[in-house]
Amino acid sequence: MKGEPIENGAVAVVGRDVVAVGDFKKITRDFPISTFDVTELGDGTIVPGWVNAHTHLEFSDIEEPLGFPGIKFTDWIRKIVKRRIESNRLESDTNSVSSKSLAIRCGLLESKQAGTWAIGEIATAPLDLNDYSEADCQIVTRCFFEQLGRDPSNYPTQATELTSFLSQTQPDHSTFFRGASPHAPYSVSELLFNQIQSISLTAATPVAMHIAETLEERELLEKGSGDFVDLLKEFGIWNPTDFNGEISIPGILNQLSKTEHALIVHGNYLNDIELDLIAAHPQNMSVAFCPRTHRFFQHSLYPLQKMLNRKINVCLGTDSRASNPDLNIFKEAQEVAASFPALSPKEILEMATINGSKALGLPSCIGTISENQTASLNYISPPANLRTHHPTDWLFEQTSQCVPLH
Ligand SMILES: [Zn+2]
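Calculation rules
- Residues numbered from 1 in each chain as written.
- Predicted model: local features only at pLDDT ≥ 70, side-chain atom pairs only at ≥ 80, totals over all residues.
- Heavy atoms only, no water.
- Axes fitted to C-alpha atoms, helices over the stretch in contact; angles between N-to-C directions.
- Helix = DSSP H or I, 4+ residues; strand = E, 2+ residues; numbered from the N terminus.
- Parallel < 35°, antiparallel > 145°, perpendicular 65-115°, else oblique.
- Left-handed = near helix turned anticlockwise from the far one by under 90°.
- Contact = heavy atoms within 4.5 Å.
- Nonpolar A, V, L, I, M, F, W, Y, C, P; charged D, E, K, R; others polar.
- Buried < 20%, exposed > 50% of the residue type's maximum accessible area, 1.4 Å probe, protein only.
- Arc of directions from axis to C-beta.
- Polar contact = N/O pair within 3.5 Å; in protein donor to acceptor, adjacent residues only side chain to side chain.
- Patch = residues over 30% accessible without salt bridge, like charges linked within 9 Å, V, L, I, M, F, W, Y side chains within 5 Å.
- Areas by Shrake-Rupley, 256 points an atom, 1.4 Å probe, with all protein chains shown as cover.
- Salt bridge = Lys/Arg side-chain N within 4 Å of Asp/Glu carboxyl O.
- Disulfide = S-S within 2.5 Å.
- Pairing = 2+ DSSP bridges.
- Right-handed = clockwise from strand over helix to strand, strands pointing away.
- Donors = N, O, S within 2.8 Å, 3.2 Å for Na, K, Ca; no water.
- Tetrahedral: all angles 85-135°; square planar, octahedral: opposite > 155°, others 65-115°.
- Core = buried A, V, L, I, M, F, W, Y, C linked by side-chain atoms within 4.5 Å.

Draft legend 1. Spotlight on the packing of helix 6 (residues 190-203) against helix 9 (residues 249-256). As a packed pair, helix 6 and helix 9 sit with axes 11 Å apart at the nearest point and diverge in direction by 20°. Here helix 6 lies roughly parallel to helix 9, going by the angle between them. With respect to the hand of their crossing, helix 6 and helix 9 are arranged in right-handed fashion. Judged by residue contacts, F193, N194 and Q197 of helix 6 engage I252, Q255 and L256 from helix 9. Grouping the amino acids of the contact of helix 6 with helix 9 by side-chain chemistry returns three nonpolar, three polar and no charged.

Right under this line is the structure:
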C-alpha cells in the first residue's frame, strides 16, 4: 500500500518486524536465503492487516444480530437497551468477571483472527483499560470514550470522566490511542455535545460520532417528529424544545470540522451540502461505512460514489455484532465489491486499510506493509475460477479467501 503491487513479491520478516518488501529475487539476493525460512504462498496476494474503523467490542458476545433484517432502527435500539439493562442486572447478581470485559477480549481476539491490525473502538463507562492491554492481541486501538444523555445533572461527572480518560498515559501509548465520542444527535443534548467538543479541542483528540444513520434521525432534527419522539418519551428524556430545529447536521459537522480528526460514522443519509462540507476538510474529516450493518437495516443505497467523487476519505467498519454476524473486514470489503461493481479492488483495499488508519489518526505506517514496522500481513488466495492474472483484480471476489499471516 506504499506503491504499486509487486508481482512475484516477497516480504522478509525478522522477529515481528518487516525488514524488506520487494521482488522475491532481489530480496533473496540481499538476504542469504539459507538464513530464512521461506514460505511459498502461491498465486495469491499479500496485503496489509485490516483496519476496522468502527466497532463496539462490548457487544462481541452477541451470537447473531438483534432483531431481523430490515428491523426499524428505533426497535433495534429498544432491543439493545433492554439487553444492556438485563446484563447489568445479571452482573450485580454474580461476582464473576464482567461479561462486558469478556466480550471486549473476545472481540479483540476475533478481530485478530480475521486479520485486523487496528480498530476504532467505541467504549462506554465503566471503562476497564486492562481489557485492551491484557488481551495479548497486539491490535492497535483508537478508543473513543462514548458519552450520551440529556440530564444536565450528569454533565459535571461526564466531563470529569472524559477529561481524566483523555489525560491518562497507560496502557502503552504506541498501540493504544484515545478519543471522544458524542454518541449521536438524537442521544446527546446540545449542551453535552458542546462540552465534549470543548474537552476534545483542548486535548487535541479525535472525535467519532454516529451521524445521519437513519431518515428518522433527520426527521427528528428537522421537524421534531417521527419514531424517535416515541423512543425518547419511553426513555423519559423527551423535551420538545430540544428539537426545535437549532441542532442540525450541518451545524454538528461544522463543529466537528474543528477537531483534530472527525470520524463521521455511517452518514447513510447525508445530503449533497453535508457531503460538500465534509469534502472541504480532507485533512481531518472522514466517513466510516459499515456495509453489512447497512444491509442488515436495509437502508437506501449508500452514497459511496458521491463520497468518492468528492475525494472524501471513506473507511470500513463492521459496527458491532448487534447488527452484524461477525467482525470481519474482509467480508465487509467483499460486500462493497458486490454492491458497487464499478469500484476497483484498489479503491476497496484502500478503504479497508490506509483510509481507516488516516481516519483514526493512527501512525501512517498502519495499513501498509512497510520496512522497519511490525509485520501485520494478510494473504488472499484467489477464487477457484481465476479468470484474470492481474494480481489485484480478483481480490474481493466472493470466493476469494483471506488468511492472516502471523
Ligand atoms: Zn456504531
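Draft legend 2. Summary view of helix 10 (residues 272-279). For helix 10, the full list of buried residues reads E274, L275, L277 and I278. End-on, the buried residues of helix 10 take up no more than an arc of 155°, which puts them together on one face. Packed against the buried residues of helix 10 are helix 7 (215-223), helix 9, strand 9 (262-266), strand 10 (285-289) and helix 12 (304-309). By the N-cap criterion, in which a side-chain oxygen at the helix start approaches the backbone nitrogen of a residue two or three places on, helix 10 is capped by N271, the distance to I273 being 3.1 Å.

Draft legend 3. View of a nonpolar patch on the surface. Together, F24, I33 and V38 line one region of the surface with nonpolar side chains, adding up to about 250 Å² of accessible area. Tracing the backbone through its elements, the reader meets I33 in the loop between helix 1 (24-30) and strand 3 (45-48).

Draft legend 4. Structural detail: unusual backbone geometry. For the bond from A125 to P126, the omega torsion is -5°, close enough to zero to count as cis. Relative to the helices and strands, P126 is located in the loop between strand 5 (116-123) and helix 4 (130-133). Despite not being glycine, A212 shows a phi value in the positive range, around 50°. Tracing the chain through its elements places A212 in the loop between strand 8 (207-211) and helix 7. Classification of A212 by relative accessible area gives buried; the value is 0%. Here the phi dihedral of N372 falls at roughly 65°; this positive angle occurs in a residue that is not glycine. With respect to the helices and strands, N372 occurs in the loop between helix 15 (354-359) and strand 12 (377-381).

Draft legend 5. Molecular detail of the state of the cysteines. As enumerated under the stated definition, the model contains zero disulfides in all. Between C290, a cysteine without a disulfide, and C315, which holds the nearest cysteine sulfur, the sulfur-to-sulfur distance is 8.4 Å.

Draft legend 6. Here's a closer look at the pairing of strand 9. Most of strand 9 sits out of view: five of its five residues are buried. Bridge count for strand 8 against strand 9 is five bridges, and the pairing is parallel. From the neighbouring strand, V207 faces strand 9, where its bridge partner is A262. Strand direction decides the pairing type here: strand 9 and strand 10, joined by four bridges, are parallel. In the sheet register, I264 faces strand 10, and the bridge partner there is V287. For the segment spanning strand 9, helix 10 and strand 10, crossover handedness is right-handed.

Draft legend 7. Molecular detail of the sheet that holds strand 3. Spatially, 3-12-13 is the arrangement adopted by the three strands of the open sheet, whose pairing is antiparallel. In this open sheet, the two edge strands, each paired with only one partner strand, are strand 3 and strand 13 (401-405). Across the sheet, the mean angle from the axis of one strand to that of its neighbour is 35°, orientation sign disregarded. Pairing between strand 3 and strand 12: four bridges, direction antiparallel. For T45, the partnering residue across the bridge sits in strand 12 and is I380.

Draft legend 8. Main features of the coordination of the zinc ion. For the zinc ion, the protein coordination sphere consists of H54 (NE2), H56 (NE2), H210 (NE2) and D319 (OD), at 2.1 to 2.6 Å. Considering all four donor atoms around the zinc ion, the spread of angles at the metal, 84 to 171°, places the coordination shape in the irregular class. Along the chain, the residues donating to the zinc ion fall in the pattern H-x1-H-x153-H-x108-D. One end of the pair, H56, is in the loop between strand 4 (50-55) and helix 2 (73-93); the other, D319, is in the loop between strand 11 (313-316) and helix 13 (329-339), and 263 residues separate them in sequence. Classification of H56 by relative accessible area gives buried; the value is 10%. For D319, a relative accessible area of 5% translates into the label buried.

Draft legend 9. Layout of the nonpolar core. One finds W50, W76, I211, L256 and L304 to be the most contacted residues of the largest nonpolar core, which totals 86 residues. The dominant element in this core, judged by the number of residues it contributes, is helix 5 (residues 155-167), at five residues.

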